[in-house]
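Below are the chains, spelled out letter by letter.
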Amino acid sequence: MVGQGGDLLLSRREKLRRLRSRGTEPFPNTYRRTHTIRDAIDCFHAIEREVGSQARTEAVSLAGRVVSIRGMGRATFLNIQDATGDVQIHLRRDILQDEYELARDLDLGDFLGARGPLFLTRTGEVTLEAAEASILAKSMRPPPEKWHGLSDVEIRHRQRYLDLIASPEVREGFRLRSTIVGAVRCFLEGRGFIEVETPILVPVAAGAMAQPFATHHNALDRDLYLRIATELYLKRLIVGGMDKVFEIGRVFRNEGIDQDHNPEFTLLESYEAYADYNDVMEMVEQMVSSVALEALGTTVIPFGEETIDFTPPWRRVSLREETLRCTGIDFQQYPDAAALAEAMSAKGIHVEGRSSRGRLIDKLVSTGVEPQLVQPTFLTEYPVEMSPLAKQKPGDPSLVERFEGFAGGMEIANAFSELNDPDEQRSRFMEQEELRRTTNAEEDTDRLDEDFLLALEHGMPPTGGLGMGIDRLVMLLTGKPSIREVVLFPQLKER
RNA sequence: GGGCCGUUAGCUCAGCCGGUUAGAGCUCCGGACUUUUAAUCCGGGAGUCCAGGGUUCGAAUCCCUGACGGCCCA
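The shown structure was predicted, so the numbers you read here are calculated from the model rather than taken from an experiment. (Residues numbered from 1 in each chain as written. Chains lettered and ligands numbered in written order. Predicted model: local features only at pLDDT ≥ 70, side-chain atom pairs only at ≥ 80, totals over all residues. Heavy atoms only, no water.)

A. Up close: the overall build of chain A. Along the backbone of chain A there are 15 helices and 21 strands. Considering only C-alpha atoms, chain A reaches an extent of 90 × 55 × 50 Å along its principal axes. Classification of the 495 residues of chain A by burial places 50% in the buried group. Relative to all contacts within chain A whose residues are 6 or more apart in sequence, the contacts with residues 24 or more apart total 66%. For chain A, the distance from the average site of its 60 positive side-chain charges to the average site of its 80 negative ones is 8 Å. (Helix = DSSP H or I, 4+ residues; strand = E, 2+ residues; numbered from the N terminus. Buried < 20%, exposed > 50% of the residue type's maximum accessible area, 1.4 Å probe, protein only. Contact = heavy atoms within 4.5 Å. Lys, Arg positive; Asp, Glu negative; His and termini not counted. Charge placed at Lys NZ, Arg CZ, Asp CG, Glu CD.)

Structure, rendered in structure tokens:
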């Protein structure tokens, strides 16, 4: 007998068989709906405003997933859900006649199409009175529990579709992500930037300090890498005379996974000729606040226990000054790595052996400063040894014209006046290559890209460049504490 | 990399100072019911207790190892 033997799936198989035996196709090729659920309900309310609670619409055809069923014998109430909302359907044996048999073979999770007028039940719910109803697709497995929803975080991430079915908040979160990305694109296009696409498979993984994923092209018999940044290709386009370019694309970094790191993530990079890092700073605060306004209607956003105010202008402070304030260490006082490491150890900050000075400052900032930067803040004037692609400050070659933007205790933006002197760029790359040889293996360094240097030798105008983590921006704007909540399919260990 | 917590029915969970046949709600199956909506009422099913090893007369329960997940720290 169906339902016995511990197999809930069997009853669905049996219903599938019954549907077919009555000549009903459980997976028809198409169904034409006349309205989305939201549009149909809006349509009903428009009529209701004129004629009151006795309103009835013309027949509409709606389609969606069955999310609840209440069988009453010769009548059945159920709700279907589409991307715009959900609506109740009333199936009546006296109206549907033989077609009412379908009610018996419907399960939660099935897709149903129904045609009929909308009316108001005596409990005041907008309801479609079905004159026709047909199954559009059978679901062979039960959906998540209806009352508690899906709370197993692992299933939420591994089977995101179940998470989306079960949780309107999750659906709304990813809809917001799309709005945010669209608003970023719109903002940049409005400023005259054009969107481009550059290679993901690259011969040299340069443009950032990170480990790449390696792969191999068989026909060319050549090792290739997944890009870790789009920077050097976008600068080639600046050389080529495309004065304002941006790319929103996936980059790949072969490193650990945690609350705000996924091995593949979405990075915005933009480059603007005849601009410098101060212009970019102004653009970032304008962009984030206008995107927040467009997506959320406000620039003041709750994040965990805090409220973040993205209204420009954001606080600006030099990296040196803020690091001194937060950690008590003035890194300018320690021109060599060993002395800085000692000072950091004295403050209880664990340091790896043989780290470079740049790496140590990065560590000092990420552990001692970054977590404290809840309100939007630009840290400016970075040491040259941790910024191989940025232009030095006139009058102080130990610093570069660079800033990073922080909010909610996370880095969200990184920008500089781009280094465009090919000889200087070559020697900076050489320093990075040297660092890789002399420091511990965990230290990430940039890589020399000969083909990029060739481009620079052809001349690149003064340029302001920006990198911004889109996932983290979405986390901030949607109040999500983990990158896994804003990436549809986050990387997980193999089961 | 370290620490803590978790993994039991399709889902959400209880049970865990060892003890006979592992429970509840929702889901599922059968029945009643034509305005219900966590529908209701009656009846009935449903398990590799994460995996492997160990202790014991006896293990979901205690011990060890591992897998996966979560949180915290580095």
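B. How the structure looks around the nonpolar core. In this structure, Leu188, Leu268, Val284, Met287, Phe310 and Leu466 are the most contacted members of the largest nonpolar core, which totals 45 residues. Among the secondary structure elements, those contributing two or more residues to this core are α7 (168-190), β12 (244-252), α9 (277-296), β14 (300-303), β19 (396-407), β20 (410-417), β21 (463-469) and α15 (470-478). No other element matches the 10 residues that α9 contributes to this core. Discounting chain neighbours no more than four positions away, the residues touching Leu268 are Val184, Leu188, Phe246, Glu247, Ile248, Met287, Leu466, Gly467, Met468 and Ile470. Counting residues in each nonpolar core, the second largest holds 40 residues, with Ile238, Ala341, Ile349 and Leu453 among its members. (Core = buried A, V, L, I, M, F, W, Y, C linked by side-chain atoms within 4.5 Å.)

C. Structural view of the sheet that holds strand β11 (residues 222-226). One open sheet holds the 3 strands; their spatial order is β9-β11-β10, and the pairing between them is antiparallel. The sheet terminates laterally at β9 (201-202) and β10 (214-217), the two strands that pair on one side only. (Pairing = 2+ DSSP bridges.)

D. Quick look at the sheet that holds strand β2 (residues 75-82). Taking strand neighbours across the sheet as the criterion, the 7 strands line up as β5-β6-β3-β2-β1-β4-β7 in an open arrangement whose pairing is mixed. Two strands close off the open sheet at either side, each with one partner strand: β5 (118-120) and β7 (132-137). Geometrically, the sheet is characterised by an average inter-axis angle of 45° between neighbouring strands, direction not taken into account. By the bridge criterion, 3 bridges tie strand β3 (residues 85-92) to strand β6 (residues 126-129) in an arrangement that is parallel. (Axes fitted to C-alpha atoms, helices over the stretch in contact; angles between N-to-C directions.)

E. Structural view of the environment of Arg236. Residue position: Arg236 is located in helix α8 (residues 231-239). A sequence separation of 233 residues divides Arg236 from Gly469, and the C-alpha atoms of the two residues are 22 Å apart. Not counting residues up to four positions away in its chain, the partners in contact with Arg236 are Asp449, Asp451, Phe452 and Ala455.

F. View of helix α13 (residues 422-438). Here α13 contains 17 residues, and its C-alpha end-to-end distance of 24 Å stays within 8% of the 24 Å for a straight helix at 1.5 Å per residue. Regarding α13, the residues found buried are Pro422, Gln425, Arg428, Phe429, Gln432 and Glu433. Axial view of α13: buried residues confined to an arc of 140°, hence all on one face. Relative to its buried face, α13 has exposed residues pointing more than 90 degrees away, namely Asp423 and Arg437. Those residues of α13 that are buried are in contact with α8, β18 (392-393), β19 and α14 (450-457). The N-cap residue of α13 is Asp421: its side-chain oxygen and the backbone nitrogen of Asp423 are 2.9 Å apart. (Expected span 1.5 Å × (residues − 1). Arc of directions from axis to C-beta. Polar contact = N/O pair within 3.5 Å; in protein donor to acceptor, adjacent residues only side chain to side chain.)

G. Fine view of the side chain of Asp471. In this fold, Asp471 is placed in helix α15. For Asp471, the side chain forms a polar contact with the main-chain nitrogen of Thr266, separated by 2.7 Å. Residues in contact with Asp471, not counting those within four places in the same chain, are Arg177, Phe265, Thr266, Ile483, Val486 and Val487.

H. Highlighting helix α2 (residues 37-51). The end-to-end C-alpha distance of α2 is 21 Å, a good match for the 21 Å that 15 residues give at a rise of 1.5 Å each. Looking at the packing, one finds that the buried side of α2 touches β1 (60-71), β2, β3, β5 and β6. Phi turns positive, to about 85°, at Gly52, one or two residues after α2.

I. Examining the side chain of Lys138 more closely. Within the element layout of this structure, Lys138 appears in the loop between β7 and α5 (153-158). A polar side-chain atom of Lys138 sits 2.8 Å from the main-chain carbonyl oxygen of Asp105. In this structure, Lys138 is in contact with Arg12, Lys15, Leu16, Leu19, Pro26, Phe27, Asp105, Leu106, Asp107 and Asp110, ignoring residues within four places of it in sequence.

J. Local environment of the environment of Gly465. Relative to the helices and strands, Gly465 resides in strand β21. Look at Gly465 and you get buried, because its relative accessible area is 3%. Sequence spacing of Gly465 and Glu231 is 234 residues, and the spatial spacing of their C-alpha atoms is 8.3 Å. In contact with Gly465, not counting residues within four places along its chain, are Ser270, Tyr271, Val280, Asn414, Ala415, Phe416 and Glu418.

K. View of unusual backbone geometry. Across the junction of Pro312 and Pro313, the peptide omega takes the value -5°, indicating a cis bond. You can see Pro313 is positioned in the loop between β15 (306-309) and β16 (315-318). With phi around 50°, Asp221 is a residue other than glycine that occupies positive phi space. If you trace the backbone, Asp221 turns up in the loop between β10 and β11. One non-glycine residue, Tyr274, adopts positive backbone phi at about 65°.

L. Spatial organisation of the packing of aromatic side chains. Under the criterion given, the structure shown has 4 aromatic pairs. Taken together, a centroid distance of 5.0 Å and an interplanar angle of 25° make the contact between Trp314 and Phe378 stacked. Of this pair, Trp314 sits in the loop between β15 and β16 while Phe378 sits in strand β17 (residues 377-383); the two residues are 64 residues apart in sequence, bridging distant segments of the chain. Like Trp314, the residue Phe378 is buried in the burial classification. (Phe/Tyr/Trp six-rings, centres within 6.5 Å; stacked < 30°, edge-to-face > 60°.)

M. Region of interest: the pairing of strand β4 (residues 111-116). Two strands pair when backbone bridges link them, and β1 and β4 are joined in this way by 6 bridges, in the antiparallel orientation. Residue pairing in the sheet places Arg65 in a bridge with Phe111 of β4.

N. Structural detail: the confidence of the model for chain A. Summing up the model confidence of chain A, the mean pLDDT is 91 and the portion of residues at 70 or higher is 97%. In the predicted structure, residues 1-6 sits below a pLDDT of 50 and forms 4 contacts with residues beyond four places in sequence or in another chain. Our summary of model confidence lists the complex with pTM equal to 0.91 and ipTM equal to 0.85. (pLDDT = per-residue confidence, 0-100.)

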